[in-house]
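The lines below spell out each chain.
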Amino acid sequence: MKCRIDNSNCNEFLNFGRMPIANGFCSKKDFNREYFFDLKVAFNKKLSLFQLVKFPNPKKMFNKSYPFYTSSSFYMVNHFKKLSNFIKKNYMNKNSILFEIGSNDGTFLKNFNKKKVYGFEPSKSVHLKAKKEGINSINKFFNSKNIKILRKLYGKVDVIFGANVFCHIPNQRDLIKSIDLMLSPNGTIIFEEPYLGSMYEKTSYDQIYDEHIYMFSINSIIKIYDLFGFELIDAIPQNTHGGSMRYILKRKNISKKSKRVKKLIKLEKIKKIDKFSACLSFKKKVIKSRLNLRKRILNIKKKGFQICGYGATSKSTTILNFCKINNNMINCIFDTTKDKIGKFTPGTHIPILNYNKFKGSHYKYVFLFAWNHRKEIMKKEKARKNTKWFTHLD
Ligand code: SAH
Ligand code: TYD
């Protein structure tokens, strides 16, 4: 296959099989009409870029029923509050305008003067929640066509921000060209995305699903943005979503690179994160992880125990479908999200139950699908004794 950014060659190296829409939690009536695609990954040596081979049309994923709400985690609400203070202090003045791509339910933008911030959010479910909070949420995809409605702001926005969304956008050329049009000469691009290095370290292959078209690393970001006249001036590792990276970029030659980013670039080279060989060793670990997980679940079932899941994450769709885990192996998954409760997991049809019912439930073995929120969840569940929590990563 060819890389969508510069048309250079990509090496395909791992196939997860048929996969449904990761956030496509469905009702019984939808069981026969679910959409499936082949989830395969490839690596582009020239840009050091890890990417999906195929993916569904974004409109199939981001629409009126998109069920992921940023505010479903207190930890993330707090993270975005701290991040807004960091941005205000370092990259904005009181007149600055900020744009958020993928502003979801407005959790991040709530922390700013609402007259000075705008969000692009194509999923109506979450857009409406932001609107209720008084956020300037524009119910559209951020792209060169849709930004035309804000033409008077071209070249005037001081910060363009996104979290867990840059990697969702297939056309990176259009994305960066659109940013270039909006951003002031001295403006800053700031985004946080799941980090390839963390995925390799943990073998957290569940980060790979339809929405995550790219899995970025520092080296890949440097190479991509170099094509458009931007340079990476800082990168800050984050522990959110199982290991992320915050990238800070400006137009070339206006700011010095931080010492931290120079160190991180070296570290990536030492760990060979920019090389195809890292993909091959990741592949070996993924296959082993699937075997181990299936063995573990079947052993628990042999002992006569039943298993439930905690957190109907989009990540769980990859684990369940790839490892062929169905509702005979995991009875149900408890979750707090109104839009997911009463529905079933995509492809594997495990029922999603209201989290309120977890407290009185008998389950001794709990698969923590929301492992990235472990700290927050363990604090909440400390009264629950004798529970054996596990994940595919242990
Ligand atoms: N930023 C939030 C939400 C991440 S989920 C957070 O970190 O919690 C990704 C969000 O990006 C979804 O709400 C989705 O609808 C939105 N999105 C996807 N593609 C987009 C695009 N091209 N432009 C703007 N938003 C997009
Ligand atoms: P998350 O891991 O944030 O994202 P993704 O879907 O991208 O993998 O999803 C968290 C899910 O877990 C979400 O459906 C809400 C649920 N959840 C709970 O049920 N209880 C909790 O305490 C937390 C933090 C999340």
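Let me sum up the structure you'll find in this document. Since the model is a prediction, treat every value here as computed from it, not as a measurement. (Residues numbered from 1 in each chain as written. Chains lettered and ligands numbered in written order. Predicted model: local features only at pLDDT ≥ 70, side-chain atom pairs only at ≥ 80, totals over all residues. Heavy atoms only, no water.)

### Quick look at the site of ligand 2
What counts, and what does not: The near set for a molecule or strand comprises every residue that places at least one heavy atom within 4 Å of it. N or O atoms within 3.5 Å of each other form a polar contact, as long as, within protein, one can give a hydrogen and the other can take it, and as long as residues adjacent in sequence are counted only when both atoms are side-chain atoms. The accessible surface values rely on the Shrake-Rupley method and a 1.4 Å probe; as for residues, cover is taken only from the protein chains in view. Helix and strand assignments follow DSSP, with helices taken as H or I runs no shorter than four residues and strands as E runs no shorter than two, numbered in order from the N terminus. Polar here means any residue other than Ala, Val, Leu, Ile, Met, Phe, Trp, Tyr, Cys and Pro, which are nonpolar, and Asp, Glu, Lys and Arg, which are charged; Gly is therefore polar. Segmentation of the chain into domains, including their bounds, is taken from an automatic or database domain assignment.
In the neighbourhood of ligand 2, 20 residues make up the surrounding shell, with Lys315, Asp335, Lys340, His373 and Lys380 lying closest. Note that an oxygen atom of ligand 2 is positioned 2.6 Å from one of the side-chain N or O atoms of Lys315. Here an oxygen atom of ligand 2 sits 3.3 Å away from a polar atom, N or O, in the side chain of Thr337. For ligand 2, the accessible surface in isolation is 560 Å², of which the surrounding protein chains cover 96%. Tallying contributions element by element places helix α10 (residues 374-380) first for the shell around ligand 2, with 3 residues. Grouping the amino acids of the shell around ligand 2 by side-chain chemistry returns 6 nonpolar, 9 polar and 5 charged. Summarising the domain contributions, the shell around ligand 2 has at least three residues from each of domain 1 (60-277) and domain 2 (293-390).

### Quick notes on the pairing of strand β2 (residues 36-44)
The condition is simple: Note on exposure labels: buried denotes an accessible area under 20% of the residue type's maximum, exposed denotes more than 50%, and partly exposed covers the range between, all computed with a 1.4 Å probe on protein chains only. The pairing criterion is simple: DSSP has to find at least two bridges between the two strands.
Extensive coverage of β2 is indicated by the burial of 7 of its 9 residues. As judged from the 8 bridges shared by strand β1 (residues 11-20) and β2, these two strands associate in the antiparallel manner. Counted as the bridge partner of Asn11 is Phe43 from β2. Where β2 and strand β3 (residues 49-52) come together, 4 bridges link them in antiparallel fashion. Note that in β3 the partner of Ala42 across the bridge is Gln51. Counting the residues in the hairpin turn of β2 and β3 gives 4 residues, including Ser48, whose phi is positive at 50°.

### Thoughts on the site of ligand 1
The environment of ligand 1 is made up of 20 residues, and the closest members are Thr70, Glu121, Ser123, Ala163 and Asn164. For ligand 1, a nitrogen atom lies 2.9 Å from a polar atom in the backbone of Gly102. Within the side chain of Asn104, one N or O atom sits 3.0 Å away from an oxygen atom of ligand 1. Within the complex, 97% of the 580 Å² of free accessible area of ligand 1 lies under protein. Looking at the shell around ligand 1 residue by residue, the classes come out as 12 nonpolar, 6 polar and 2 charged.

### A few points about the environment of Ala235
Worth spelling out the cut-off: Contacts between residues were defined by any pair of non-hydrogen atoms, one from each residue, lying within 4.5 Å.
With respect to the helices, strands and loops of the structure, Ala235 is situated in strand β10 (residues 230-238). Remark: the alpha-carbon pair of Ala235 and Ser258, spanning 23 residues in sequence, is separated by 8.2 Å. What Ala235 contacts, discounting residues up to four positions off in sequence, is Ile218, Met245, Arg246, Arg260, Val261 and Leu264.

### Examining the sheet that holds strand β13 (residues 332-335)
The condition that has to hold: The convention used is that axes are lines fitted to C-alpha atoms, helices contributing only their stretch in contact, and that angles between N-to-C directions extend from 0 to 180 degrees.
An order of β14-β13-β12-β15-β16 is seen for the 5 strands of this open sheet, with the pairing classed as parallel. Sheet topology places β14 (352-354) and β16 (388-390) at the edges, where each strand pairs with a single neighbour. With direction set aside, neighbouring strand axes in the sheet form an average angle of 35°. Note: β13 against β14, 3 bridges, orientation parallel. By the bridge assignment for β14, Phe334 is matched with Leu353. Each of β12 (307-310), β15 (365-368) and β16 is contacted by helix α8 (residues 276-302), which is oriented at about 160° to β16, the strand it contacts most.

### Brief notes about helix α2 (residues 74-91)
This is how it is decided: Given the number of residues in a helix, its expected span is that number minus one, multiplied by 1.5 Å. An arc is given here, and it is the one of the directions from the helix axis to the C-beta atoms.
Taking 1.5 Å as the rise per residue, α2 with 18 residues should run 26 Å; its terminal C-alpha atoms sit 25 Å apart, in good agreement. All of the buried residues along α2 are Met76, His79, Phe80, Leu83, Ser84, Ile87 and Tyr91. Projected onto a plane normal to the axis of α2, the buried residues spread over an arc of 140° and lie on a single side. Among the exposed residues of α2, those pointing more than 90 degrees away from its buried face are Phe74, Lys82 and Lys89.

### Quick look at the sheet that holds strand β5 (residues 117-120)
Ordered by their spatial adjacency, 7 strands build an open sheet running β6-β5-β4-β7-β8-β11-β10, and the pairing between neighbours is mixed. Only two strands of the sheet have a single neighbouring strand rather than two, namely β6 (137-138) and β10. Here strand β8 (residues 183-194) runs beside strand β11 (residues 244-251); their pairing, made up of 6 bridges, is antiparallel. The partner of Phe191 across the bridge, within β11, is Tyr247. Those strands touched by α2 are β4 (98-101), β7 (157-163), β8, β10 and β11, and its axis lies near 155° from that of β7.

### Digging into the pattern of salt bridges
Selection rule: Each salt bridge in this description consists of a side-chain nitrogen of Lys or Arg and a carboxyl oxygen of Asp or Glu lying within 4 Å of one another.
Within the structure shown, the criterion is met by 17 salt bridges. A salt bridge links Arg251 to Asp180; the nearest nitrogen and oxygen atoms lie 2.4 Å apart. Pair noted here: Arg251 is in strand β11 and Asp180 is in helix α4 (residues 172-182), with a separation of 71 residues, a long-range link. Asp180 sits in the partly exposed class, given a relative accessible area of 33%. Asp226 is the salt-bridge partner of Lys252, the closest N and O atoms lying 2.7 Å from each other. Here Lys252 is found in the loop between β11 and α7 (259-270), whereas its partner Asp226 is found in helix α6 (residues 218-226), with 26 residues between them in sequence. Lys252 gets classed as partly exposed once you look at its relative accessible area, which sits at 34%.

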